Amino acid sequence: MTDTVDSATATGSIHPPKPPVVADERTMLDAWLDLHRDILIWKCEGLSPDELVRRSAEPSSLSLIGLVRHMAEVERGWFRRVLTPEDGVETLYDYSESEDAELDNVDPARVEEDFATYRTEVEACREVAARYDLEDTGISGRGNAVSLRWIYIHMIEEYARHNGHADLLRERIDGATGDWPQ
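Owing to the predicted nature of the structure, the values given are computational and were not obtained by experimental measurement.

Student: Looking at this structure, I do not really get the overall build of the protein. What am I missing?
Tutor: Along the backbone of the protein there are 7 helices and 2 strands. Taken from the N to the C terminus, the helices and strands of the protein come in the order α-α-α-α-α-α-β-β-α. Of all 182 residues assigned to the protein, the portion counted as buried reaches 47%. Carbon and sulfur atoms make up 50% of the accessible area of the protein, which totals about 9300 Å².

The structure is reproduced here in structure tokens:
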């Protein structure tokens with residue numbers, strides 16, 4: 001394991017350009033979701049495993065790697081369990097002792113594994129979404145029909161909220177602030 005994590009290691013890619021300002025709806029939704037996925041990982045760039053698990057904004061128990069784990073679980077839930085209920089796709093983490101297991105049970109020794117899990121889930125979710133039209137629906141855990149369009153918008157909102165958390169966590173760790181590179 002390396003001393004720090006960079007975005008290429010974490011995501012398997014380099015920083016993509018910002019989403020287009022003129023495009024069809026599906027292209028826009030895919031681009032904005034991918035941008036937010038990459039921003040979360042970018043906020044982890046250059047930090048050590050110990051820094052990634054640090055809960056730097058007490059009393060919150062959030063950590064950067066906890067947010068990565070959380071978003072892997074959220075991706076899996078909406079795309080692979082709601083939109084297309086795949087056989088055998090259970091939760092990623094053991095929630096028997098904590099309803100926030102993905103946030104609570106972080107370990108510097110598992111950081112690379114956590115990033116690998118995230119990459120795997122994002123790729124699987126991209127593949128699932130590509131098979132559906134925006135109007136296609138799945139059934140939420142509450143029994144409500146939700147369209148792929150709604151899932152995209154919800155995921156963008158979820159990432160945007162947690163990317164704000166990541167901004168604060170990162171600033172508390174090493175003072176790094178800033179917007180997505182152009």
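Student: Looking at this model, I keep getting lost on the side chain of Arg80. Mind explaining?
Tutor: Relative to the helices and strands, Arg80 is located in helix H4 (residues 64–83). At a separation of 3.1 Å, a polar atom in the side chain of Arg80 contacts the side chain of Glu86.

Student: Can you walk me through the packing of aromatic side chains in this structure?
Tutor: Aromatic rings in a pair are described by how distant their centres are and how their planes are angled relative to each other. Applying the stated rule across the entire model yields 2 aromatic pairs. With 6.2 Å between their ring centres and 80 degrees between their planes, Phe79 and Tyr152 make a pair best called edge-to-face. Placement of Phe79 in helix H4 and of Tyr152 in helix H7 (residues 148–174) is noted, with a sequence separation of 73 residues between them. Note on accessibility: Phe79 and Tyr152 belong to one class, buried.

Student: Mind showing me how you'd approach the nonpolar core here?
Tutor: Nonpolar side chains in soluble globular proteins generally cluster together in the buried interior. The biggest cluster of nonpolar side chains holds 41 residues, and the ones touching the most others in it are Phe79, Leu148, Ile151 and Met155. Considering every element that reaches this core, the biggest residue donor is H4, with 11 residues. Discounting residues that sit within four places of it in the chain, Ile151 has contacts with Trp78, Phe79, Val82, Leu83 and Val146.

Student: I tried to follow the packing of H4 against H7 on my own but got confused; where do I start?
Tutor: A packed helix pair is summarised by two numbers, namely the angle formed by the two axes and the spacing between the axes. Look at H4 against H7: their axes get within 10 Å of each other, and the N-to-C directions meet at 175 degrees. Between H4 and H7, the angle is such that the two are roughly antiparallel. For the contact of H4 with H7, the residue count by class is 16 nonpolar, 4 polar and 3 charged.

Student: Teacher, can you tell me more about unusual backbone geometry here?
Tutor: The bulk of non-glycine residues show a negative phi, and the bulk of peptide bonds are trans. At the junction of Glu58 and Pro59, the peptide bond is cis and its omega measures out at 10 degrees in the coordinates. In this fold, Pro59 is placed in the loop between helix H3 (49–53) and H4.

Student: Is there a simple way to explain the pattern of salt bridges in this structure?
Tutor: Note that side chains of opposite charge can pair when their charged atoms are close. Applying the stated criterion to the full structure yields 16 salt bridges. Residue Lys43 is joined to Asp167 by a salt bridge in which the shortest nitrogen-to-oxygen separation is 2.8 Å. Residue Lys43 is found in the loop between helix H2 (25–42) and H3, and its partner Asp167 is found in helix H7; the two are separated by 124 residues along the sequence. For Asp167, a relative accessible area of 33% corresponds to the partly exposed category. The residue Asp114 makes a salt bridge to Arg69 at a minimum N-O spacing of 3.1 Å.

Rules of the game
Here the residue index of a chain counts from 1 through its sequence in written order. At least 70 in pLDDT is required for a residue's local features to be given in this predicted model, at least 80 for side-chain atom pairs to be given and counted, and no such filter applies to totals for whole chains, interfaces and linings, which use all residues. Only hydrogens and water are set aside when side-chain values are computed; all heavy atoms of the structure are taken into account. Under the DSSP-based scheme used, a helix requires at least four consecutive residues in state H or I and a strand at least two consecutive residues in state E, with every element numbered from the N terminus. For every residue, the accessible area (1.4 Å probe, protein chains only) is compared with the maximum for its type, and the residue is labelled buried under 20%, exposed over 50%, or partly exposed between those bounds. With residues, only the protein chains shown are counted as cover, and all accessible areas are computed by Shrake-Rupley using a 1.4 Å probe. What qualifies as a polar contact is a pair of N or O atoms within 3.5 Å, subject to a donor-acceptor requirement within protein and to the restriction that residues adjacent in sequence count only when both atoms come from side chains. Aromatic pairing here means that ring centres of Phe, Tyr or Trp (its six-membered ring) are within 6.5 Å. Orientation follows from the plane angle: under 30 degrees is stacked, over 60 is edge-to-face, and everything else is tilted. Here the nonpolar core consists of buried residues drawn from Ala, Val, Leu, Ile, Met, Phe, Trp, Tyr and Cys, with membership extended through side-chain atoms lying within 4.5 Å. In this description, contact between two residues means that some pair of their heavy atoms is separated by no more than 4.5 Å. Orientation is described by axes fitted as lines to C-alpha atoms, over the contacting stretch for helices, and by angles from 0 to 180 degrees between their N-to-C directions. We call two directions roughly parallel when the angle between them is under 35 degrees, roughly antiparallel when it is over 145, roughly perpendicular when it lies between 65 and 115, and oblique otherwise. Amino acids are sorted into nonpolar (Ala, Val, Leu, Ile, Met, Phe, Trp, Tyr, Cys and Pro), charged (Asp, Glu, Lys and Arg) and polar (every other residue, Gly among them). What counts as a salt bridge is simple: a side-chain nitrogen of Lys or Arg found within 4 Å of a carboxyl oxygen of Asp or Glu.

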